[in-house]
Amino acid sequence: MERLKPIWARVMRRASADAADNFFALGGTPARARDLFDAIEKECGRKLPVFTVVQAPTLGELAEVLEAADTPEFPTVTLLREGREEPAIFVMHGLGSNVLDLFQTVKHLDIANPVYGLQAKGSDLKSEPLRNVPDMGKFIEAAIQKKRPHGPYFLIGYSFGGVVMFETARRLMEKGERVAFLGMIESYPYRDFLPTTEKLRIKGQLLKRHATIFSRIPMNKKIAYLTKGTEREAYSSWDDNGNPGKRPENITFADADRRRQCEELALKSYAPGYYDGKIHFVRADERIASFPAVPRRAWGTFAREIVTDITPGDHFQILSRDYEGLARILSRRLKEALDDPSLTKDGRRPQ
């Protein structure tokens, strides 16, 4: 613990550190968690997943993890928020990310139900990442049913996590279970599986975006921008008008380079099946060029019904800055679903 105290005090901006200090009670954020674990790796020579702080939020608990001979096994399902009422809500993070990025949104939900976060396979830096969405859906389905064998199920996914939750919901319904709520936040299938008109619109938007960025970057960078995907990735945070920007600090893509590559390939190969239910879709007010203009155009052929809400911010800011607006929308929609008189006690779908 003595090795960890000065790191903790510096990152958490405290004059001193105590074993009972709680990361979240001290105002910890995903960005600060990233800084903490980067410092631990640099100064202690130990790489731990950033979301370790969810399992070990106090200085004393984190010291025990750090002093252990091996990185502990972390469960796929993690309690993010306690609640006195059932059923539980299950939420999943985005591509290459972790449940910590959902912490602020979950914290501001106005519901009395427990909320569990779901971690993708490979998040622990030990297990092998999965490589296709059906296998990911099967993995998450098994984790959910281990915690709650029967529905009604309330599922929410952000970005790529929403695509995985879509597949999970389909699998649960095929088993006769009730999916009472499927929330998808800024979640889209890969553009190859969109209607032709939407594919052409997105390709046109991307060409315009690349042309604008190309016109603004230094001359010595232009050839590399045209020929190297890694060079184009360096400009991924620029907006669609070619203005430099940076990815919000409160979003952590830590620990995930290899898993993220697997998930990107999984998204590109996933042809969604049909979901005989309702999608509660939340779209960011500021759109990204590679995303469909209207969620219904993306999911209309794959789901029976789609309800869309719009929240302030862009794809990243809705978690890092505008999470209260997102939480209000989710709270309202969850309450509507929780109050549905057709919910059955055993969770089976009404016949």
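Keep in mind it's a predicted model, so treat the numbers as computed, not measured.

Within the protein, the regular secondary structure consists of 14 helices and seven strands. Among the 351 residues that make up the protein, the fraction classed as buried is 55%. Restricting the contact set of the protein to residue pairs at least 6 apart, pairs at least 24 apart contribute 76%. About 16,400 Å² of surface is accessible on the protein, with carbon and sulfur atoms providing 49% of the total.

Once that is clear, we can look at the side chain of Arg 283. Along the chain, Arg 283 falls in strand 6 (residues 275-284). Ignoring sequence-local partners within four residues, the contact set of Arg 283 consists of Glu 186, Tyr 188, Ala 293, Pro 295, Thr 308, Asp 309, Ile 310 and Thr 311.

Moving on, we get to the sheet that holds strand 3 (residues 115-118). In space, the seven strands of this open sheet follow the order 1-3-2-4-5-6-7, with mixed pairing throughout. The outermost strands of the open sheet, each flanked by one partner alone, are strand 1 (77-81) and strand 7 (303-311). Going from strand to strand, the sheet's axes swing by 25 degrees on average, the running direction of each strand aside. As paired strands, strand 1 and strand 3 are joined by four bridges and run antiparallel to one another. Its bridge partner lying in strand 3, Arg 81 is registered against Val 115. Here helix 14 (residues 323-338) sits on the sheet and contacts strand 2 (89-92), strand 4 (153-158), strand 5 (179-185), strand 6 and strand 7; the angle it forms with strand 7, its principal contact strand, is near 145 degrees.

This brings us to the pattern of salt bridges. The final tally for this structure, using the stated rule, is 21 salt bridges. The residue Asp 35 makes a salt bridge to Arg 34 at a minimum N-O spacing of 3.6 Å. Where Arg 332 meets Asp 309, a salt bridge forms, and the shortest distance between an N and an O atom there is 3.2 Å. Of the two residues, Arg 332 sits in helix 14 while Asp 309 sits in strand 7, which places them 23 residues apart along the sequence. Judged by relative accessible area, which is 11%, Asp 309 ranks as buried. One network of salt bridges, with partners in common, ties together Asp 276, Lys 278, Arg 304 and Glu 305.

As a further point, take unusual backbone geometry. Here Glu 86 and Pro 87 are connected by a cis peptide whose omega angle stands at 5 degrees. Mapping Pro 87 onto the fold places it in the loop between strand 1 and strand 2. The omega angle of the peptide bond from Gly 151 to Pro 152 is 10 degrees, so this bond is cis rather than trans. Relative to the elements of secondary structure, Pro 152 occurs in the loop between helix 6 (133-147) and strand 4. Residues other than glycine seldom take positive phi values, yet Ser 159 does so here, at roughly 55 degrees. With respect to the helices and strands, the residue Ser 159 is situated in the loop between strand 4 and helix 7 (160-174). The buried category is assigned to Ser 159, whose relative accessible area is 13%. Of note, Glu 186 is a non-glycine position whose phi angle comes to about 50 degrees, a positive value. As for its placement among the helices and strands, Glu 186 is situated in the loop between strand 5 and helix 8 (196-216). A residue is classified by how much of its surface remains accessible, and Glu 186, at 2% relative accessible area, is buried.

Let us look at the packing of aromatic side chains. Inspection of the entire model under this criterion finds ten aromatic pairs. Relative to Phe 302, the ring of Trp 299 lies with its centre 6.1 Å away and its plane at 70 degrees, an arrangement referred to as edge-to-face. For the pair formed by Trp 299 and Phe 302, the shared burial category is buried. Here the aromatic residues Trp 8, Phe 23, Phe 24 and Phe 103 are joined through ring pairs into a cluster of three or more.

The rules we used
- The residue count restarts for each chain, going from 1 along the sequence in the order it is written.
- At least 70 in pLDDT is required for a residue's local features to be given in this predicted model, at least 80 for side-chain atom pairs to be given and counted, and no such filter applies to totals for whole chains, interfaces and linings, which use all residues.
- Water and hydrogen atoms play no part in the side-chain values, which are based on all heavy atoms of the structure.
- By the criteria applied, helices consist of DSSP H or I runs no shorter than four residues and strands consist of E runs no shorter than two, each listed in order from the N terminus.
- Working definition: with a 1.4 Å probe on protein chains only, accessible area under 20% of the residue-type maximum means buried, over 50% means exposed, and in between means partly exposed.
- We call two residues in contact when some of their heavy atoms are within 4.5 Å.
- Each accessible area is a Shrake-Rupley estimate made with a 1.4 Å probe; only the visible protein chains count as cover when residues are assessed.
- Here, a strand pair is defined by DSSP locating no fewer than two bridges between the strands.
- Think of each axis as a best-fit line through the C-alpha atoms, taken over the contacting stretch in the case of a helix, with angles from 0 to 180 degrees between the N-to-C directions.
- The term salt bridge refers to a pairing of a side-chain nitrogen on Lys or Arg with a carboxyl oxygen on Asp or Glu at a separation within 4 Å.
- Ring pairs are drawn from Phe, Tyr and Trp, using the six-membered ring of Trp, whenever the two centres fall within 6.5 Å, and their geometry is named by plane angle: stacked under 30 degrees, edge-to-face over 60, tilted for the rest.

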